[in-house]
Amino acid sequence: SLILWGPPGTGKTSIAKALAKISDKEFANEFIAISAINSGAAEIRKLVLAAQIKLSQGIRMILMIDEIHHFNKTQQDLFLPFIEDGTIILVGTTTENPSFHLNSALLSRCKVLTLKRLEEFALEKILQRVESVFGKNSVLLHLLSVVLCPIMWLILEYVPCGDEKNVYSVFG
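Residues numbered from 1 in each chain as written. Predicted model: local features only at pLDDT ≥ 70, side-chain atom pairs only at ≥ 80, totals over all residues. Heavy atoms only, no water.

A. Representation of the nonpolar core. In terms of nonpolar packing, the biggest core is built from 22 residues, with Ile 65, Ile 68, Phe 71, Phe 79 and Leu 106 touching the most fellow members. Sorting elements by how many residues they give to this core places helix H2 (residues 41-56) first, with four residues. Contacts of Ile 68, omitting those with residues within four sequence positions, involve Ile 3, Ala 36, Gln 76, Leu 90, Gly 92, Thr 93, Thr 94, Leu 102 and Leu 106. Ranked by size, the runner-up nonpolar core spans seven residues in total, among them Leu 4, Ala 16, Ile 62 and Val 91. (Core = buried A, V, L, I, M, F, W, Y, C linked by side-chain atoms within 4.5 Å. Buried < 20%, exposed > 50% of the residue type's maximum accessible area, 1.4 Å probe, protein only. Helix = DSSP H or I, 4+ residues; strand = E, 2+ residues; numbered from the N terminus. Contact = heavy atoms within 4.5 Å.)

Right, dumping it as structure tokens:
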């Protein structure tokens, strides 16, 4: 199980969804996403019961909980036995420091990954990777470097806090 911790716009939810897609291809898994803001103990119990039924059919549930820090300590405790016995694979996302907002029992059963905002050099690294995979003459590299990079550099100057979600608002 995993906790993804970082500021808004760093890709926590996108990473959780990508992990689910990858694991669906490799293993028999089902991905369920909920928000701790809109959920409570009753929904957790219902999902765990569904996960137990799925597990008996050979399907593991990946349960993504967005903003997991909104669950109180008792709600967080509900997950413990089901993480331990493998009924669920928990992927929680949080913008708050897990050491202060998640209980220690839950943290001891999860790996915490800290995500940071992209810095300017990240775009250059992306271009280098595209070049190494697709070659110097690829259409994708040309599109990224000639068309998108100048636009991205301009946007980065005006996007507050480096939050890429704000980039979308510039175009939309």
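B. Fine view of the environment of Lys 73. As for its position among the elements, Lys 73 is in helix H3 (residues 73-77). It is 8.7 Å that separates the C-alpha atoms of Lys 73 and His 101, two residues lying 28 residues apart in sequence. Here Lys 73 is in contact with Phe 100, His 101, Leu 102 and Asn 103, once residues within four sequence places are set aside.

C. Layout of the packing of aromatic side chains. Per the stated rule, a full pass over the model turns up one aromatic pair. Relative to Phe 79, the ring of Phe 71 has its centre 6.0 Å away and its plane inclined at 45 degrees; by these criteria the two rings are tilted. The same class applies to Phe 71 and to Phe 79, which are both buried. (Phe/Tyr/Trp six-rings, centres within 6.5 Å; stacked < 30°, edge-to-face > 60°.)

D. Just the sheet that holds strand S3 (residues 60-66), in detail. Strand order across the open sheet formed by five strands is S2-S3-S4-S1-S5, with parallel pairing between neighbours. Two strands bound the open sheet, and with one partner strand each, they are strand S2 (29-35) and strand S5 (111-114). Averaged over all adjacent pairs, the angle separating strand axes in this sheet is 15 degrees, with direction ignored. Pairing analysis gives four bridges linking strand S1 (residues 2-5) to strand S4 (residues 88-94), with the strands arranged parallel. (Pairing = 2+ DSSP bridges. Axes fitted to C-alpha atoms, helices over the stretch in contact; angles between N-to-C directions.)

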